[in-house]
Amino acid sequence: MTIELQNDRVINGLLKADIGLSTPDQIKARLARDMLLVVDPRRSGVTDLWPAIWFLASIIEREFTGTVFIKAGLDRELPSPIPLGPRCVFVPEEFSFDGDSIGIGVSMVGDNTIWGDVRGSAISYKDSLAGASVAHPVSAAALAGYLGFAALARAASIPPFHEHWKHSSLSLPFDKHRESIPESIAVLGVGQIGQAFLALNYFLAGSRLPIVHIVDKDIFENENYRTQILLSDTPRTWVGQRKVNYLASICRSWGWRVTNEHAEINWGWKSPLGPEAVAFLGFDNMTARRVGVEGGFKWLVECGVGTDFCKPRVSWHSLPPDRELAKRLFIEKATDNHTVDSEFIRTLDATPGGCGKVIFDNVQASAPCLGAIGAAFAAMELLNSRDGNGISGSAFAWSPLLPLQREKLFANHQ
């Protein structure tokens, strides 16, 4: 089965942006490029920059169709949620490349380069961070997401958003010394953001083996690869499988104790994990989020990603199982399907019944970099949840790095 280019979630988002690219083939050509990832070889190990390397390589191989060369002082992949695809190639220090390059933990010069750094709970863009702290996995995933969007923006000429507000670095508001994930966690919705959250928790868990329950009603389709980070490109054995069955087998390969449920949760649904479990809500609709809040959890976090690539926004909440709070936060809003005018868009209008344009408008444009950023901030709030503070937050992926918008919904809920 093939997918029309305009309905690919990455290409769809670029077509809907007013950036001068008016046909799918124009965008496909922009994304058909090789990339070089350059990493400080002294820091490329599993306890420092490896999570950032894996997330960024996984993002780039989905956003672009060329080869991803990785120069990190490694001759092979380190332990990871799933193996990187065959287009990710580890190269030696003497490897020469004059195309687009992305640096992690190294400073770079030139028009074809972008780079950033991560230490502890701090990240930076085109600036080095002082100190000797190793990267925390949450910060590593966030940096990979920001750099991944910067690479996409550069390739497609997306103008910076509110560039006059940008900072060279951000200190993410969590204690880098806190313990990792809770012992019992449910992941409700395992699409783009849910998979990024699972992958991040692979790195957060370390030697711990959490109890995890995953829930989703969908099966995998070919187009899921472009945004969902736990799906391999070759072979695509996941196509047509239930999401929960396939992902449960991956999580079990990590040693996790996993149960799964192929279902659409409805009012009255309850978690099988017990009252001390926490939940991550990865749903793309508000009703399911409200249902999840009443599922019998001690605490919940959720996040969502916007579909406007010119204003790429991620938002998140951290909250207790409070019905009234959920009703106030998770309200269905009308979707604005306005797109820019172009000859190509008009040809979609001309399809029988206008179905081409309807399908195009109904695709939820996104990119895997946004899922990584959203999952990082949701995991950050999960680490903060023991403080008992409900949180509402949002961030923009471009320009990097815009200050986070984060406020308390209440203080010290007990």
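Relevant structure appears above.
These figures come from a predicted structure and were not determined experimentally.

1. Re the sheet that holds strand β11 (residues 278-281)
Link 1 in the chain: Taken in spatial order, the eight strands make up an open sheet running β10-β9-β8-β11-β12-β13-β14-β15, and their pairing is mixed. Strands with a single pairing partner mark the edges of an open sheet, and in this sheet they are β10 (257-262) and β15 (405-410). Each strand of the sheet is rotated relative to its neighbour by a mean of 15 degrees, with strand direction disregarded.
Link 2 in the chain: Bridge count between strand β13 (residues 313-319) and strand β14 (residues 390-396): six bridges; the pairing is antiparallel. For Val314, the partnering residue across the bridge sits in β14 and is Ala395.
Link 3 in the chain: Across the sheet, helix α7 (residues 286-293) lies against β8 (184-188), β11, β12 (299-305) and β13, angled at about 170 degrees from β12, the strand it touches most.

2. Here we look at the packing of helix α3 (residues 50-63) against helix α11 (residues 368-384)
Link 1 in the chain: With their axes 8 Å apart at the nearest point, α3 and α11 run at an angle of 150 degrees to one another. With respect to α11, the axis of α3 lies roughly antiparallel. In this structure, α3 uses Phe55, Ile59, Arg62 and Glu63 to contact α11, whose residues at the interface are Pro368, Cys369 and Ala372.
Link 2 in the chain: Each residue belonging to the contact of α3 with α11 can be placed in one class, and the counts come to five nonpolar, no polar and two charged.

3. Some details on the nonpolar core
Link 1 in the chain: Formed by 121 residues in total, the largest nonpolar core has its most connected members in Leu14, Trp54, Phe55, Ile70, Phe149, Leu230 and Phe377.
Link 2 in the chain: Take this core: its biggest share by element is 15 residues, from helix α4 (residues 137-156).
Link 3 in the chain: Leaving out residues up to four positions away in the same chain, Leu14 has contacts with Ile19, Leu21, Ile27, Leu31, Leu152, Ala156, Ile158 and Phe309.
Link 4 in the chain: One finds Val215, Trp269, Ala279 and Leu281 within the second-largest nonpolar core, a separate group that totals 20 residues.

The rules we used
Residues numbered from 1 in each chain as written. Predicted model: local features only at pLDDT ≥ 70, side-chain atom pairs only at ≥ 80, totals over all residues. Heavy atoms only, no water. Pairing = 2+ DSSP bridges. Helix = DSSP H or I, 4+ residues; strand = E, 2+ residues; numbered from the N terminus. Axes fitted to C-alpha atoms, helices over the stretch in contact; angles between N-to-C directions. Contact = heavy atoms within 4.5 Å. Parallel < 35°, antiparallel > 145°, perpendicular 65-115°, else oblique. Nonpolar A, V, L, I, M, F, W, Y, C, P; charged D, E, K, R; others polar. Core = buried A, V, L, I, M, F, W, Y, C linked by side-chain atoms within 4.5 Å. Buried < 20%, exposed > 50% of the residue type's maximum accessible area, 1.4 Å probe, protein only.

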